[in-house]
Amino acid sequence: MSGDPKLERIAKGNALALCATGTWTASFAPVLERMVADAEKLAGGPQNIFIDVSEVAKLDTFGAWLIERLRRSLTKGPVEAQIAGLSANYSSLVDEVRRVRATAVVDSSPITITGMLEQIGRAVAGVAGTVAGLVDMLGAVLAAGFRVLIHPRSFRLTSTVHHMEQVCWRAVPIIVLITFLIGCIIAQQGIFHFRRFGADIFVVDMLGVLVLREIGVLLVAIMVAGRSGSAYTAELGSMKMREEIDALRTMGFDPIEVLVLPRMMALVLALPILAFLGAMAALYGGGLVAWLYGGVQPEAFLLRLRDAISIDHFIVGIVKAPVMAAVIGIVACVEGLAVQGSAESLGQHTTASVVKGIFFVIVMDGVFAIFFASIGM
């Protein structure tokens, strides 16, 4: 039977049958929308409802969705609407439409103590899941590293050098510029306040200790987390969306060894270099401001800097760099491999990568501060 679509109501004992006939396609969209809207008003009755589609001549995705929408609308509590008479040609289409989830209803219930405790519990569980994922990735990277040590020829040197160029060499201008400006600001503010006490020269002590121990490596790590960490997440997430990682597994390659390990190695090698260059740029900027703004001659600045700092300050800063790099790389790779098949998921995980990377960098800096204080460095 072909022709205009119809939806007739037929009573069958304690049940109600809705008989669909005609052509249920997008070309009859206005008529179908009105009929389905009228039929949805039958929801709430005590009887079971059957939607008979055996007389439907043509059915496309639009018509299948309207039938499924009608079934969902008429299914209330114990009353369940059922679709009957599906032909073999259209059953797969209706089943596919049925898999589409309905839009989640926004919970407008009032805030209660129980609800707040539940949210706190879910947040704590999410933190535990994040830590478990980081530990799992750390173990996978260490295992891949041991395999490379046993079979050195499997190490991907070309990929590592490529990522070194992206992470280290191309990052030098922005790292040097930012740390130079930070050194200038620290020196200017220090001179401005120390001048009240006639202690302008002590700005050299403050600048040297802060830059070499804390500010230099911390700023560089934060910038690397925002620049390279987000890039790692976006690259791995794009590969995940295009199923390239699944293709690697199918070909017998380990994605951790092929994709993650070269990136981790490049980051661990690059961050100490960038931290050193950043510290030198900050000291240079601070010395320049101390000379032009505070009247501290370069010779006096260098002599005071030599007396104020020691090799321990430099070691403390450099030791932090590879650990922070490993943390940034692990967080970025975990978030990248967690991307699902949508652009929204890629954006969310890229944002999470930067936020978590910066958070863990600051936490690690605090842990190192306590550790070095306890051993007298």
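Definitions and limits used
Residues numbered from 1 in each chain as written. Predicted model: local features only at pLDDT ≥ 70, side-chain atom pairs only at ≥ 80, totals over all residues. Heavy atoms only, no water. UniProt positions renumbered as here; feature names shortened; annotations may be inferred. Helix = DSSP H or I, 4+ residues; strand = E, 2+ residues; numbered from the N terminus. Rg over C-alpha atoms; globule rule 2.2 N^0.38 Å. Buried < 20%, exposed > 50% of the residue type's maximum accessible area, 1.4 Å probe, protein only. Contact = heavy atoms within 4.5 Å. Lys, Arg positive; Asp, Glu negative; His and termini not counted. Charge placed at Lys NZ, Arg CZ, Asp CG, Glu CD. Arc of directions from axis to C-beta. Domains from an automatic or database assignment. Core = buried A, V, L, I, M, F, W, Y, C linked by side-chain atoms within 4.5 Å. Axes fitted to C-alpha atoms, helices over the stretch in contact; angles between N-to-C directions. Parallel < 35°, antiparallel > 145°, perpendicular 65-115°, else oblique. Nonpolar A, V, L, I, M, F, W, Y, C, P; charged D, E, K, R; others polar. Phe/Tyr/Trp six-rings, centres within 6.5 Å; stacked < 30°, edge-to-face > 60°. Lys NZ or Arg CZ within 6 Å of the ring centre and 35° of its normal. pLDDT = per-residue confidence, 0-100. Patch = residues over 30% accessible without salt bridge, like charges linked within 9 Å, V, L, I, M, F, W, Y side chains within 5 Å. Areas by Shrake-Rupley, 256 points an atom, 1.4 Å probe, with all protein chains shown as cover. Salt bridge = Lys/Arg side-chain N within 4 Å of Asp/Glu carboxyl O.

- Identification of the chain as ABC transporter permease from Bradyrhizobium forestalis is taken from an unreviewed UniProt entry.
- You can read under Function (unreviewed entry) in the UniProt record for the chain the words "Could be part of an ABC transporter complex."
- In the Subcellular location (unreviewed entry) part of its UniProt record, the chain is described as follows: "Cell inner membrane".

**A word on the overall build of the chain**
Part 1 of the argument: Counting its regular elements, the chain contains 12 helices and 4 strands.
Part 2 of the argument: A compact globule built from 377 residues should have a C-alpha radius of gyration of about 21 Å, whereas the chain, at 32 Å, is more than 25% larger.
Part 3 of the argument: With the C-alpha coordinates aligned to their principal axes, the bounding extent of the chain is approximately 100 × 55 × 40 Å.
Part 4 of the argument: Counting all 377 residues of the chain, 39% fall into the buried class.
Part 5 of the argument: Put simply, of all contacts in the chain between residues at least 6 apart along the chain, 79% involve residues at least 24 apart.
Part 6 of the argument: A distance of 0 Å separates the average location of the 30 positive side-chain charges in the chain from that of its 31 negative side-chain charges.

**Side note on helix H3 (residues 88-98)**
Part 1 of the argument: Considered for burial, the residues of H3 that qualify are Tyr90, Val94 and Val97. The buried residues of H3 occupy an angular sector of 55° when the element is viewed end-on, so they sit on one face.
Part 2 of the argument: On its buried side, H3 packs onto strand E3 (48-59), helix H2 (61-74) and strand E4 (81-84).

**Re the domain arrangement of the chain**
Part 1 of the argument: Splitting the chain by domain gives domain 1 (6-99) and domain 2 (130-375).
Part 2 of the argument: The straight-line distance from the C-alpha centre of domain 1 to that of domain 2 is 59 Å.

**So, the nonpolar core**
Part 1 of the argument: Of all hydrophobic cores here, the largest spans 26 residues; its most connected members are Val224, Leu267, Leu271, Leu274 and Ile328.
Part 2 of the argument: Listed by contribution, the elements that provide at least two residues to this core are helix H5 (157-167), helix H6 (172-194), helix H7 (202-241), helix H9 (255-292) and helix H11 (311-337).
Part 3 of the argument: No other element matches H7, which puts 8 residues into this core.
Part 4 of the argument: If we ignore the near neighbours within four places in the chain, the residues touching Leu271 are Val220, Ala221, Val224, Ala321, Met324 and Ala325.
Part 5 of the argument: Counting residues in hydrophobic clusters, the runner-up holds 24 residues, among them Val36, Ile67, Leu70 and Val94.

**Here's the deal with the packing of helix H4 (residues 113-150) against H11**
A pair of packed helices can be characterised by two numbers: the angle between their axes and the separation between those axes.
Part 1 of the argument: Here H4 crosses H11 at 105°, and the two axes come no closer than 9 Å. On the basis of the axis angle, H4 is roughly perpendicular to H11. For the pair formed by H4 and H11, the contact residues are Gly133, Leu134, Met137 and Leu138 on the first element and Ile330, Val331, Cys333, Val334 and Leu337 on the second.
Part 2 of the argument: Of the residues that constitute the contact of H4 with H11, the class distribution is 8 nonpolar, 1 polar and no charged.

**Comments concerning the packing of aromatic side chains**
Part 1 of the argument: Taken as a whole and assessed by the stated rule, the structure comprises 5 aromatic pairs.
Part 2 of the argument: Consider the rings of Phe276 and Phe314, whose centres lie 6.1 Å apart with planes at 85°: the pair is edge-to-face. Remark: Phe314 occurs in helix H11 and Phe276 occurs in helix H9; sequence separation between them is 38 residues.
Part 3 of the argument: Across the ring face of Tyr293, the terminal group of Arg195 is positioned such that the distance to the ring centre comes to 5.2 Å.
Part 4 of the argument: Directly above the aromatic system of Tyr232 lies the positively charged group of Arg263, at a separation of 5.8 Å from the ring centroid.

**Regarding the environment of Ala352**
Part 1 of the argument: Mapped onto the elements of the fold, Ala352 is located in helix H12 (residues 343-374).
Part 2 of the argument: Placed 333 residues apart in sequence, Ala352 and Cys19 show a C-alpha to C-alpha distance of 51 Å.
Part 3 of the argument: Once residues within four sequence positions are removed from consideration, Ala352 is found in contact with Glu335 and Gly357.

**Observations concerning the confidence of the model for the chain**
Part 1 of the argument: In the predicted model, the chain carries a mean pLDDT of 85, and the fraction of residues at 70 or more is 93%.
Part 2 of the argument: The weakest mean pLDDT in the chain belongs to strand E1 (residues 6-12) at 76; the strongest belongs to H9 at 92.

**With respect to a nonpolar patch on the surface**
Part 1 of the argument: There is a patch of nonpolar side chains on the surface, built from Ile113, Leu117, Ile120 and Val124 and spanning about 430 Å² of accessible area.
Part 2 of the argument: Relative to the helices and strands, Val124 is located in helix H4.

**So, the UniProt feature "transmembrane region" (unreviewed entry) in the chain**
Part 1 of the argument: In the UniProt entry, the feature "transmembrane region" (unreviewed entry) is given for residues 123-149, 169-187, 199-225, 264-293, 314-338 and 358-376.
Part 2 of the argument: Helix makes up 84% of residues 169-187 and strand 0%, whereas the separation of the span's terminal C-alpha atoms amounts to 27 Å.
Part 3 of the argument: In this annotation, residues 264-293 is assigned 97% helix and 0% strand; the end-to-end C-alpha distance for the span is 42 Å.

**Quick notes on the pattern of salt bridges**
Part 1 of the argument: Applying the stated rule across the entire model yields 14 salt bridges.
Part 2 of the argument: The partner of Glu68 in a salt bridge is Arg72, and the shortest N-O contact between them spans 2.9 Å. Here Glu68 and its partner Arg72 are both found in helix H2, 4 residues apart, which amounts to about one turn of the helix.
Part 3 of the argument: For the salt bridge of Glu244 with Arg242, the shortest nitrogen-to-oxygen distance reads 2.7 Å.
Part 4 of the argument: The class of Glu244 is partly exposed, set by a relative accessible area of 33%.
Part 5 of the argument: Residue Arg242 is classed as exposed on the basis of its relative accessible area, which comes to 54%.
Part 6 of the argument: Each of the salt bridges in this network shares a partner with another, and the network as a whole consists of Glu68, Arg71 and Arg72.

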